[in-house]
Amino acid sequence: MKTKLLNSQDYTRSPWKNGGGIFTDIADAHRPGATAKDWDSLLWRFASTPIVAPGPFSHMPGIDRLQMVVRGRGLVLKAPGQEFDEREPFTTVRFTGEMEIVTELEAGPVEVVNLMARRGAAEIELTALRQPGEGPLSAGTHLLYAVSGNCGIRLNNEEFIIPGGSTLKAELTAASRLTLISGLAVLGSIQLIG
């Protein structure tokens, strides 16, 4: 098990692929040996972003996406013949980067957490940890983002305090146990394929 605390002041900020806003890049991975770390070399990305006005999502061919609202409420994603309901916070929706999506804000701006991965390169899951309790974690990369205020967790037999807004990155080589002791966290899980 290898862990690293990612402090919020060290996150990078970049424009959306379509230039319509700014996202906060919490953690990502690119193809080994890629000469440029760009959208074409991306394997996965865990990020947060405010959505302050209705508008289109970036077109991201070959990317699978998971998203949940962590601040605010009332977000709906509209696609041709389909709707993704994120009106209630901490509801995870899954969609593909090829979909033509336009956001609808029913109650003002929101902040969302996104986990995206190149299709065929990784399997991803995005879960809110809102109540103290214990559960299994598979081998892979796991990101525990403390949404508001400090978050206390135990990973196997080791305890961690994650400051509000920061993220604990855990790279696990074997199945483990995660316990939420206190606070509220979003858990992004990535398992590389092959």
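Scroll up to find the structure this text is about.
Residues numbered from 1 in each chain as written. Predicted model: local features only at pLDDT ≥ 70, side-chain atom pairs only at ≥ 80, totals over all residues. Heavy atoms only, no water.

A. How the structure looks around the overall build of the protein chain. If you tally the helices and strands in the protein chain, you get zero helices and 18 strands. Over its C-alpha atoms the protein chain spans a radius of gyration of 16 Å, differing by no more than 12% from the 16 Å that the globule rule assigns to 194 residues. Seen through its principal axes, the protein chain has C-alpha atoms that stretch 45 × 40 × 30 Å. For the protein chain, with 194 residues in total, the buried portion stands at 49%. Long-range contacts, defined as pairs at least 24 residues apart, comprise 69% of the intrachain contacts of the protein chain with a sequence gap of at least 6. Accessible area of the protein chain: about 9300 Å², with a carbon and sulfur share of 51%. (Helix = DSSP H or I, 4+ residues; strand = E, 2+ residues; numbered from the N terminus. Rg over C-alpha atoms; globule rule 2.2 N^0.38 Å. Buried < 20%, exposed > 50% of the residue type's maximum accessible area, 1.4 Å probe, protein only. Contact = heavy atoms within 4.5 Å. Areas by Shrake-Rupley, 256 points an atom, 1.4 Å probe, with all protein chains shown as cover.)

B. Geometry of the sheet that holds strand β6 (residues 75-79). Taking strand neighbours across the sheet as the criterion, the three strands line up as β7-β6-β9 in an open arrangement whose pairing is antiparallel. Both edges of this open sheet fall to β7 (82-86) and β9 (102-105), since each of them pairs with a single strand only. Pairwise comparison of adjacent strand axes, ignoring direction, gives a mean angle of 20° for this sheet. Here five bridges tie β6 to β7, and the two strands are oriented antiparallel to one another. (Pairing = 2+ DSSP bridges. Axes fitted to C-alpha atoms, helices over the stretch in contact; angles between N-to-C directions.)

C. Region of interest: the pattern of salt bridges. In the structure shown here, the tally under the stated rule is 14 salt bridges. Measuring nitrogen to oxygen at the nearest pair gives 2.8 Å for the salt bridge that ties Glu 111 to Arg 71. Remark: Arg 71 occurs in strand β5 (residues 63-71) and Glu 111 occurs in strand β10 (residues 110-118); sequence separation between them is 40 residues. Relative accessible area serves as the criterion here: at 35%, Arg 71 is assigned to the partly exposed category. For Arg 177, the salt bridge is made with Glu 134, and the minimal N-O distance between the two is 2.8 Å. Here Arg 177 is found in strand β17 (residues 176-182), whereas its partner Glu 134 is found in strand β12 (residues 133-137), with 43 residues between them in sequence. A relative accessible area of 53% means that Glu 134 is categorised as exposed. Overlapping salt bridges bring together Lys 78, Glu 83, Asp 85, Arg 87, Glu 104 and Glu 106 as one network. (Salt bridge = Lys/Arg side-chain N within 4 Å of Asp/Glu carboxyl O.)

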